[in-house]
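Chain residues, written in single-letter form:
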There are 2 protein chains.
Amino acid sequence: MRETGRSGCPINLAVEIIGDRWSLLILRDMIFAGKRSYNQLLDGDERIATNILRDRLNYLVKHGLLKKSPDPDQPRRKNYRLTARSISLVPLLVHLGFWGQQWLPASPKLRRRAKELFAGGPALWDEIMAGLREDRASRAAGDGAR
Amino acid sequence: MRETGRSGCPINLAVEIIGDRWSLLILRDMIFAGKRSYNQLLDGDERIATNILRDRLNYLVKHGLLKKSPDPDQPRRKNYRLTARSISLVPLLVHLGFWGQQWLPASPKLRRRAKELFAGGPALWDEIMAGLREDRASRAAGDGAR
């Protein structure tokens, strides 16, 4: 999936960046499961291939949705962190999950979770985004201290 | 883009079906621009290739997001119409557009449009969905009368 600036429609621009199943799943894992490292992201139920994971991570960094930052425990190893741009995708991912649980054969447990997240509405999504922003800020401060 | 049922996560199931830029642009054109025929869909700013358009249309029909129906003027020609499943994607597409206008270099006119659609909130989205449902029902009645 590569963007080409095919039109100035905001929906087109959005799907040129994130209209790709693997990018959306990477963001899902970082937003809802708190994953941060390449190995954590590799280890998911959907079994993403290593070359696709590397490609999408680079692409998301290039487009300002992720930032590389040193792993707190092994500073020479890089982790990824969310940016304001990707954190603002929370409502979109909640809608995706709600649509999936409504129409597709989702697992009962995750179906309930998607329903709860959607029912929480904007107040809950704002809370999730605020939590992610805080996490991001404290990590950035940690980088600075290093 | 092919689904494989890689996990029961509702977000994964959703992106297996619609996590593809061209599918989302086809749905955008049908929802917001009222396009219904293959030729109308082919004629877009993003210049979709004929083979991709055919492939995605078949895929969307297969997964219950579109239905083929006879063209009112040329009954032997088939058009496409939205289903309850695809109409329920309106809020998701509005969010996509809002995110695009916030973060990406969208055209000023379409940027304003995306902002208005988003600012209208659930009440406006419900109204759009109701209009589409009505349109669908009247087309279905037309099919029946033929």
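Everything numeric in this text was worked out from a predicted model, so none of it was measured.

To continue, consider the side chain of Thr83 of chain A. Residue and element names in this part refer to chain A. For Thr83, the location among the structural elements is in the loop between strand E2 (78-82) and helix H5 (84-87). Looking at Thr83, the relative accessible area reads 11%, which means it is buried. Excluding residues that lie within four positions of it along the chain, Thr83 makes contacts with Gly64, Leu65, Leu66, Lys67 and Arg136.

All names here are of chain B. Of note, Ile26 is situated in helix H2 (residues 21-32). Here Ile26 falls in the buried class, since its relative accessible area comes to 3%. Discounting residues that sit within four places of it in the chain, Ile26 has contacts with Leu41, Ile48, Leu53, Arg56, Leu57, Leu60 and Leu66.

Screw-axis analysis of chain B against chain A gives a translation of 0.0 Å along the axis, an RMSD of 0.0 Å, and a rotation angle of 180°. As the rotation angle and translation indicate, the two copies are arranged about a two-fold axis. Mapped onto chain A, 100% of the interface residues of chain B again fall at the interface, so both copies present the same surface.

This paragraph deals with the pattern of salt bridges. Residues and elements named next belong to chain A. Evaluation of the coordinates by the stated rule reveals 15 salt bridges over all chains. Close ionic contact of Asp29 with Lys35 constitutes a salt bridge, the shortest N to O distance being 3.8 Å. Among the residues examined, Asp29 registers a relative accessible area of 10% and is labelled buried. Look at Lys35 and you get buried, because its relative accessible area is 15%. The salt bridge involving Glu116 is made with Arg113; its shortest N-O contact spans 4.0 Å. A residue pair is termed a helical-turn pair when its members lie 3 or 4 positions apart in one helix, as Glu116 and Arg113 do in helix H7 (residues 108-145) at 3 residues. Accessibility expressed as a relative area gives 44% for Arg113, which makes it partly exposed.

What follows deals with the interface of chain B and chain A. Quite often, the size of an interface is put as the accessible area lost when its parts meet. Tallying the contact residues gives 49 residues for chain B and 49 residues for chain A. For the pairing of chain B and chain A, the buried interface totals around 4,100 Å² over both sides, and the portion due to carbon and sulfur atoms is 73%. When residues of chain B are sorted by the area they lose upon contact with chain A, Ile11, Arg21 and Trp99 of chain B head the list and together hold 19% of the total. If you look at where chain B meets chain A, you find 2 salt bridges. For Arg21 of chain A, the salt bridge goes to Glu16 of chain B, with nearest N and O atoms at 3.4 Å. Linking chain B with chain A are 20 residue pairs in polar contact (both at pLDDT 80 or more). Contributions of two or more residues to the side of chain B that touches chain A are made by helix H1 (10-18), H2, helix H5 (84-87), helix H6 (90-103) and helix H7 (108-145) of chain B. Top element by residues in the side of chain B that touches chain A is H6 of chain B. It accounts for 10 residues. Split into classes, the residues belonging to the side of chain B that touches chain A amount to 26 nonpolar, 11 polar and 12 charged.

This paragraph deals with the packing of aromatic side chains. Working definition: an aromatic ring pair is given by the centre-to-centre distance plus the angle between the planes. Residue and element names in this part refer to chain A. In this structure the tally under the stated criterion is 4 aromatic pairs over all chains. Taken together, a centroid distance of 3.6 Å and an interplanar angle of 10° make the contact between Phe98 and Phe118 stacked. Residue Phe98 is located in helix H6 (residues 90-103), and its partner Phe118 is located in helix H7; the two are separated by 20 residues in the primary sequence. Under the relative-accessibility criterion, Phe98 is labelled buried at 17%. Taking the relative accessible area as the measure of exposure, Phe118 reaches 25% and is therefore partly exposed. Of the aromatic side chains, those joined through ring pairs into one cluster are Phe98, Phe118 and Trp125.

To continue, consider the confidence of the model for chain A. Considering every residue of chain A, the mean pLDDT works out to 91; 93% of them sit at 70 or more. This prediction of the complex comes with two scores: 0.91 for pTM and 0.91 for ipTM.

Moving on, we get to the packing of H6 of chain A against H6 of chain B. How two helices sit against one another is set out by the angle between their axes and by the gap between those axes. Contact geometry of H6 of chain A with H6 of chain B gives a least axis separation of 9 Å together with a crossing angle of 160°. Here H6 of chain A lies roughly antiparallel to H6 of chain B, going by the angle between them. Every pair of crossing elements has a handedness; the one defined by H6 of chain A and H6 of chain B is left-handed. Contact residues: H6 of chain A offers Pro91, Leu92, His95 and Leu96 of chain A, while H6 of chain B offers Pro91, Leu92, His95 and Leu96 of chain B.

Cut-offs used in this document
Residues numbered from 1 in each chain as written. Chains lettered and ligands numbered in written order. Predicted model: local features only at pLDDT ≥ 70, side-chain atom pairs only at ≥ 80, totals over all residues. Heavy atoms only, no water. Helix = DSSP H or I, 4+ residues; strand = E, 2+ residues; numbered from the N terminus. Buried < 20%, exposed > 50% of the residue type's maximum accessible area, 1.4 Å probe, protein only. Contact = heavy atoms within 4.5 Å. Least-squares fit on C-alpha atoms with pLDDT ≥ 70 in both. Salt bridge = Lys/Arg side-chain N within 4 Å of Asp/Glu carboxyl O. Buried area = accessible area lost by both parts, 1.4 Å probe. Polar contact = N/O pair within 3.5 Å; in protein donor to acceptor, adjacent residues only side chain to side chain. Nonpolar A, V, L, I, M, F, W, Y, C, P; charged D, E, K, R; others polar. Phe/Tyr/Trp six-rings, centres within 6.5 Å; stacked < 30°, edge-to-face > 60°. pLDDT = per-residue confidence, 0-100. Axes fitted to C-alpha atoms, helices over the stretch in contact; angles between N-to-C directions. Parallel < 35°, antiparallel > 145°, perpendicular 65-115°, else oblique. Left-handed = near helix turned anticlockwise from the far one by under 90°.

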